[in-house]
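Working through the structure, step by step
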Amino acid sequence: MPSLNVLLTEDQIQSRIRELGIQVTADYAGERPVFLGVLKGCIPFIADLARAVNLDLEVDYVQIASYHGQQSTGVVRFRKDHDIDIQGRHVILVEDIIDTGLTLQYLRDLLAMRNPASLKVVALLSKPEARRHNVPAEYVGFEIENEFVVGYGLDDSERYRNLPYIAVVRDDTPAG
Ligand code: IMP
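Computed from a predicted model, the values in this text were never measured in an experiment. (Residues numbered from 1 in each chain as written. Predicted model: local features only at pLDDT ≥ 70, side-chain atom pairs only at ≥ 80, totals over all residues. Heavy atoms only, no water.)

1. Focus: the overall build of the protein
The number of helices and strands found in the protein is 3 helices and 9 strands. In sequence order, the protein lays out its α and β elements as β-α-β-α-β-β-β-α-β-β-β-β. Reported as C-alpha extents along the three principal axes, the dimensions of the protein are approximately 60 × 35 × 25 Å. For the protein, buried positions account for 47% of its 176 residues. Looking at the protein alone, contacts between residues at least 24 apart form 67% of all its contacts between residues at least 6 apart. (Helix = DSSP H or I, 4+ residues; strand = E, 2+ residues; numbered from the N terminus. Buried < 20%, exposed > 50% of the residue type's maximum accessible area, 1.4 Å probe, protein only. Contact = heavy atoms within 4.5 Å.)

2. With respect to the site of the ligand
Around the ligand sit 16 residues, and of these Asp96, Thr100, Thr103, Lys127 and Val149 come closest. Asp96 places a polar side-chain atom, nitrogen or oxygen, 2.8 Å from an oxygen atom of the ligand. Elements with a minimum of two residues in the shell around the ligand: strand S5 (90–98) and helix H3 (102–112). Broken down by element, the residue count for the shell around the ligand peaks at 4 residues, all from S5. (Near = heavy atom within 4 Å. Polar contact = N/O pair within 3.5 Å; in protein donor to acceptor, adjacent residues only side chain to side chain.)

3. Focus: the environment of Asp56
As for its placement among the helices and strands, Asp56 is situated in the loop between helix H2 (43–52) and strand S3 (58–68). You can call Asp56 exposed: its relative accessible area is 54%. Counting along the chain gives 23 residues from Asp56 to Pro33, while the straight-line C-alpha distance between them is 7.6 Å. Residues in contact with Asp56, not counting those within four places in the same chain, are Glu31, Arg32 and Pro33.

4. Looking at the pattern of salt bridges
Tallied over the full model, the rule gives 13 salt bridges. Its salt-bridge partner being Arg170, residue Glu147 comes within 2.9 Å of it at the nearest N-O pair. Here Arg170 lies in strand S9 (residues 166–171) and Glu147 lies in the loop between strand S7 (139–143) and strand S8 (149–150), a separation of 23 residues in the sequence. (Salt bridge = Lys/Arg side-chain N within 4 Å of Asp/Glu carboxyl O.)

What follows is the structure, encoded as structure tokens:
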């Protein structure tokens, strides 16, 4: 049976999101940014972050598929496009986690071709050691070790997304 070891508590996550909200509010003062959430892992994060930002913003979503279970396939597929026209808009891409950077690089390149006024990324988590694609992220909640984590939107084959905290999954099955 796998066990869950808490890495970031609900309080730690919420207090960091309040800080990010204050920063984004200050950086985009007077603007009406478009928050583009990357489904499905972004859901709790974008909901909390959007409410921590005191701006007249719009929210939309894209969906990418590049993962199966705990292994990256290295292949990115575009599943759902955004509905809002982002040309000339200030876009903030909202990601749950940056691992290899493949998804983010694909999205940054694709969205940049649609001529937004600006394009920045906010990611709740980043695993710098896992990075294979050198892609910038302007706002990062927490840098974590190169371990597979679940909770607060992040899943392991669709499980654990509803946890209010972030945990490392350890397989406690005895070897042999
Ligand atoms: P990347 O393209 O390798 O950067 O992976 C980005 C996507 O992989 C994220 O949006 C997640 O959906 C998924 N992912 C990467 N690391 C983890 C993890 O530790 N737990 C759950 N999902 C992860």
